[in-house]
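Next come the chains, spelled out residue by residue.
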Amino acid sequence: MSTPVLELDSLSVGFATDRGLVRAVEAVSFRVAPGEMLAVVGESGCGKSVTALAVMGLLPGSAQVGGRILFDGRDAREAQRGRDLAMVFQEPMTSLNPAFTAGEQVAEALRKHRGLAPRAAFDAAVEMLSRAHIPDAARRARQYPHQLSGGMRQRVMIAMALACRPRLLLCDEPTTALDVTVQAQIMALLDELRRETGTAVVLITHDLGVVADRADQVAVMYAGRVVEAAPAAQLFATPQHPYTVGLLGAAPRLVGGGGRLASIEGTVPDPLNLPPGCRFAPRCPFAVARCNEAPPLAEVSPGHSAACWRAPLDQVLAA
Amino acid sequence: MNLLELRDLRKLFPVRDALGRRRGAVRAVDGVSLSVAQGEVLAIVGESGCGKSTLGRLALRLIEPDEGQVRFAGEDLRALSPAALRARRRDMQLIFQDPFASLDPRMTVEAAIAEPLRLHGVVPRGQESAKVAEWLERVGLRADHARRWPHEFSGGQRQRIAIARALASGPKLVIGDEPVSALDVSIQAQVVNLLQDLIRDLGLTFVLISHDLAVVRHIADRVAVMYLGRIVELGETEQVFARPRHPYTRALLAAVPGQGAKAPPLAGDVPSPMSPPSGCRFHTRCAHAVARCREVDPMLPSEAHAAACHLAAELPAAVAPHETETGGERLRRLQAFFTQGTAA
């Protein structure tokens, strides 16, 4: 196997608060191969965004970070943000500078990282905006963020992030703030540019539909830990962690019957007062006494791991 | 019997520049007629700016229409005196999207739920507490939560409190404006299940305003699809989802993720509601548009399953949404453990 673009080795992130240490991320490990799309799925507070910020080196100085983050086999702190790895956030309005035009902002990255002269950088920016399917890119490049629609702003963000052909792109809920038809456009654009540039993508999302459509690999997170990791097709076909099973049942579907949704009872645990052992156990219909010990993320079948004492869950059904 | 009837509603919001000069108007709702039968769950779907929230507020007369009629239980809401309208409020309530903004942070849960009880004299004085406790349990919280403050609750719990407050006066009609959109998937499922139970047990007439087609498909009996201030398709949920007739409805359904990676169904953005396109408002993005669509504004016919499209009868048969199959029988059996809540 070639060197992964990104490798997390037992990453932990804690934040000291007045009430104690919040363990936002604990012992998270995964690898992303060149050109691959890994989706990190989970609900609010599961640690997925903190993981991405840790990779980007954007955590506040007070964060307590443990474990290793390797970019192309080397310490990720040596990699250059903007050139080697880039990030796209959920809300493009807050990530774009309102005082500069779209073209200037894309051009800045090209000047800084590729050493282009201002004029050449602006021309290359217009070219990049047009590759992000911004109609009339030359005119749009001279407009300010507030003159652009939400979908258009996200295209500018993607153009900016991919302008220097980074090896890795992190996308944190890139389509959550957008309407469904625009979401489809943005996801298709990401896919297209990823294939063109060979950039690996880590997609942080809560949307299982997007994951099923686009991801190669999936890591499901719950309360700071990865609870299941598998190739996307395998995860959807034979989920092995009870949380994944519940999550798939909780999402209403476009086809098929109505009836009650398989909701997961209770709420996500308070990060200051985490249950001992498996953090999902208090909400899990399959929990047994042993779940008081934390289950390791162990392989259930080749390439498919679950952090559950009862995995593979087929045993539960056979019983 | 129709509990709610909207006829030819129009609402324009003037747009002014920095100096206060009128620069035009957003045609938020531009000629909408719709009726909601007693006990029915009707969904209004569409993307941001289509006018669905404005329509909900017009239906409750929280804002005044520029033109058109709103009849509630046969009564013209616009003809009511302010006092009579206040009394009517007991029968029609709204649940908002954001439970962080819709609850007053300075009111305990008890005060928040007791307020409508007192305002409308639902229970005799002194019996509010017992009723509040009853409502808390009914929405899946505990009676002792009454003494707490909104900030002590999670988003899902707050939405339960907001639901209890909306239902406390015993309304006949409830409008939910994206009531589950701000919630995480697992919490959303709990609140969707709760809403469905309450609708059934209380015989509510419910109007669900949502952008989430899967939630709509799950809850609604009938669905109205809006685009730029107009209803473009109206029909029973099953029909509209299996055989969408309007090209916009088709595009909307095809855009829902989980159907396999494919080309995006629609290019471009929604045109500005300040100057909607001539003729059919969707013609600028419609793959089927012909000359007539640019010139003649199509009406919504009065059929059970209606589409405001000149070509509705000629379009090729729609491809029904088709989700990537997950898990099959094994997954359904595993999920049954969650629904039953039984431990293995």
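Here, the structure is the one placed above.
Residues numbered from 1 in each chain as written. Chains lettered and ligands numbered in written order. Predicted model: local features only at pLDDT ≥ 70, side-chain atom pairs only at ≥ 80, totals over all residues. Heavy atoms only, no water.

Scanning chain B from terminus to terminus reveals eleven helices and eleven strands. Here the C-alpha radius of gyration of chain B, 22 Å, is about what a compact globule of 344 residues would show, namely 20 Å. C-alpha atoms of chain B, sized along the principal axes, occupy 70 × 60 × 45 Å. Expressed as a percentage of the 344 residues in chain B, the buried residues total 53%. Restricting to contacts in chain B with at least 6 residues of sequence separation, those with at least 24 account for 64%. Put simply, chain B shows about 15000 Å² of open surface, and 51% of that area lies on carbon and sulfur atoms. (Helix = DSSP H or I, 4+ residues; strand = E, 2+ residues; numbered from the N terminus. Rg over C-alpha atoms; globule rule 2.2 N^0.38 Å. Buried < 20%, exposed > 50% of the residue type's maximum accessible area, 1.4 Å probe, protein only. Contact = heavy atoms within 4.5 Å. Areas by Shrake-Rupley, 256 points an atom, 1.4 Å probe, with all protein chains shown as cover.)

Residues and elements named next belong to chain A. Taken together, the eight strands give an open sheet; going across it, the order is β6-β7-β8-β3-β9-β10-β12-β11, and neighbouring strands pair in mixed fashion. Every interior strand has two partners, whereas the edge strands, β6 (85-88) and β11 (298-301), have only one. With strand direction ignored, the average angle separating the axes of adjacent strands in the sheet is 20°. Docked against the sheet, helix α1 (residues 48-56) engages β3 (37-41), β6, β7 (168-172), β8 (200-205) and β9 (217-222), running at close to 145° with respect to β6. Its contacts with the sheet place helix α10 (residues 242-250) against β9 and β10 (225-231), and it is angled at close to 100° to β9. (Pairing = 2+ DSSP bridges. Axes fitted to C-alpha atoms, helices over the stretch in contact; angles between N-to-C directions.)

With that settled, consider the pattern of salt bridges. Following the criterion strictly, the structure yields 40 salt bridges over all chains and no others. Residue Arg222(B) pairs with Glu40(B) through a salt bridge whose shortest N-O separation is 2.5 Å. Pair noted here: Arg222(B) is in strand β9 (residues 222-227) and Glu40(B) is in the loop between β2 (22-37) and β3 (41-45), with a separation of 182 residues, a long-range link. The partner of Arg165(B) in a salt bridge is Glu115(B), with the nearest N and O atoms 2.9 Å apart. Taken as a pair, Arg165(B) in helix α5 (residues 155-167) and Glu115(B) in helix α3 (residues 109-119) lie far apart in primary sequence, 50 residues in all. Residue classification places Arg165(B) among the partly exposed positions, given a relative accessible area of 27%. Connected through shared salt-bridge partners, Asp191(A), Arg194(A), Arg195(A), Arg214(A) and Asp216(A) make up one network. (Salt bridge = Lys/Arg side-chain N within 4 Å of Asp/Glu carboxyl O.)

Without other data, these values stay purely geometric and don't point to any function.
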